[in-house]
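In case you want the letters, here they are:
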Amino acid sequence: MYPYYILTGGPGSGKSTVLEALAQLGYAVVPEVGRAIIQQQMKIQGAALPWEDKQQFFEHMFDASLIDYRQQSKQLTFFDRGLLDSVGYATLEHLRISAKQYEIAQHTPYAKTVLIFPPWQTIYQKDTERKQDFALAVRTYETMRTTYESFGYQLVVVPCTTVEKRVEFILNYLRLLP
């Protein structure tokens, strides 16, 4: 099993900020594909946006997540969301997930421990790419939790605290601190 650790949860829960802190410590990281797709689609006035064509947005996220996974060099890597986050999104939005996509998701191994960030209203903010309200962020968290559990992953809740303490919690839990 590759040491590919996923940071998941609802939007606006601090995953990307923690990922940036891990990168500053020298860890290999993979940023979230959803935000990049939204930015790219807005730039070209495309329709693969969660507020326009959710199915197309899901397809783009799934494919981009798979490409990101396959481009890794089998070293310890932290992912801001994984392939199953795309499946979770499709489940949340009642979109079509093909049998092939389920099969790919089942056979794309990440570390069995997944770090899940709970909803945290104090830090939650909308922006040009994040238009969901906090209630949808909570539902997204629940869907991600259910999705990862249904695929056999062990979820570890990252406490709502400072970025430094969250990073320390992760590194301690994964026994990566000296």
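Residues numbered from 1 in each chain as written. Predicted model: local features only at pLDDT ≥ 70, side-chain atom pairs only at ≥ 80, totals over all residues. Heavy atoms only, no water.

Some points on the overall build of the chain
The helix and strand inventory of the chain stands at 7 helices and 5 strands. Each helix and strand of the chain, ordered N terminal to C terminal, gives the series β-α-β-α-α-β-α-α-β-α-β-α. Here the chain has a C-alpha radius of gyration of 15 Å; the compact-globule value for 178 residues is 16 Å, and the two agree. Projecting the C-alpha coordinates of the chain onto the three principal axes gives extents of approximately 45 × 35 × 30 Å. Burial statistics for the chain: of 178 residues in total, 49% are counted as buried. Put simply, the chain shows about 9,100 Å² of open surface, and 51% of that area lies on carbon and sulfur atoms. Looking at charge distribution, the chain has the averaged site of its 18 positive side-chain charges lying 2 Å from that of its 18 negative ones. (Helix = DSSP H or I, 4+ residues; strand = E, 2+ residues; numbered from the N terminus. Rg over C-alpha atoms; globule rule 2.2 N^0.38 Å. Buried < 20%, exposed > 50% of the residue type's maximum accessible area, 1.4 Å probe, protein only. Areas by Shrake-Rupley, 256 points an atom, 1.4 Å probe, with all protein chains shown as cover. Lys, Arg positive; Asp, Glu negative; His and termini not counted. Charge placed at Lys NZ, Arg CZ, Asp CG, Glu CD.)

Overview of the confidence of the model for the chain
Within the chain, residue pLDDT values average 91, and 93% of them lie at 70 or more. For the chain, helix 2 (residues 33-44) is the element with the lowest average pLDDT, namely 88, and strand 5 (residues 154-157) is the one with the highest, namely 98. (pLDDT = per-residue confidence, 0-100.)

Describing the packing of helix 1 (residues 15-24) against helix 7 (residues 163-173)
Following both chains from N to C, one finds helix 1 and helix 7 inclined at 70°, their axes separated by 10 Å at the closest point. With respect to each other, helix 1 and helix 7 are oriented roughly perpendicular. Note on packing geometry: the crossing formed by helix 1 with helix 7 is right-handed. Within the contact between the two elements, helix 1 uses Thr17, Val18, Ala21 and Leu22 and helix 7 uses Val163, Arg166, Val167, Ile170 and Leu171. (Axes fitted to C-alpha atoms, helices over the stretch in contact; angles between N-to-C directions. Parallel < 35°, antiparallel > 145°, perpendicular 65-115°, else oblique. Left-handed = near helix turned anticlockwise from the far one by under 90°. Contact = heavy atoms within 4.5 Å.)

Brief notes about the sheet that holds strand 2 (residues 28-30)
Overall, parallel pairing links the 5 strands, which are arranged 2-3-1-4-5 in an open sheet. Two strands close off the open sheet at either side, each with one partner strand: strand 2 and strand 5. When strand polarity is set aside, the average angle formed by the axes of neighbouring strands in this sheet is 30°. Of the pairings in the sheet, the one linking strand 2 to strand 3 (residues 77-80) comprises 3 bridges and is parallel in character. Residue pairing across strands places valine 30 opposite phenylalanine 79, the latter belonging to strand 3. Lying on the sheet, helix 6 (residues 134-150) is in contact with strand 1 (4-9), strand 4 (113-117) and strand 5; it crosses strand 1 at an angle near 145°. (Pairing = 2+ DSSP bridges.)

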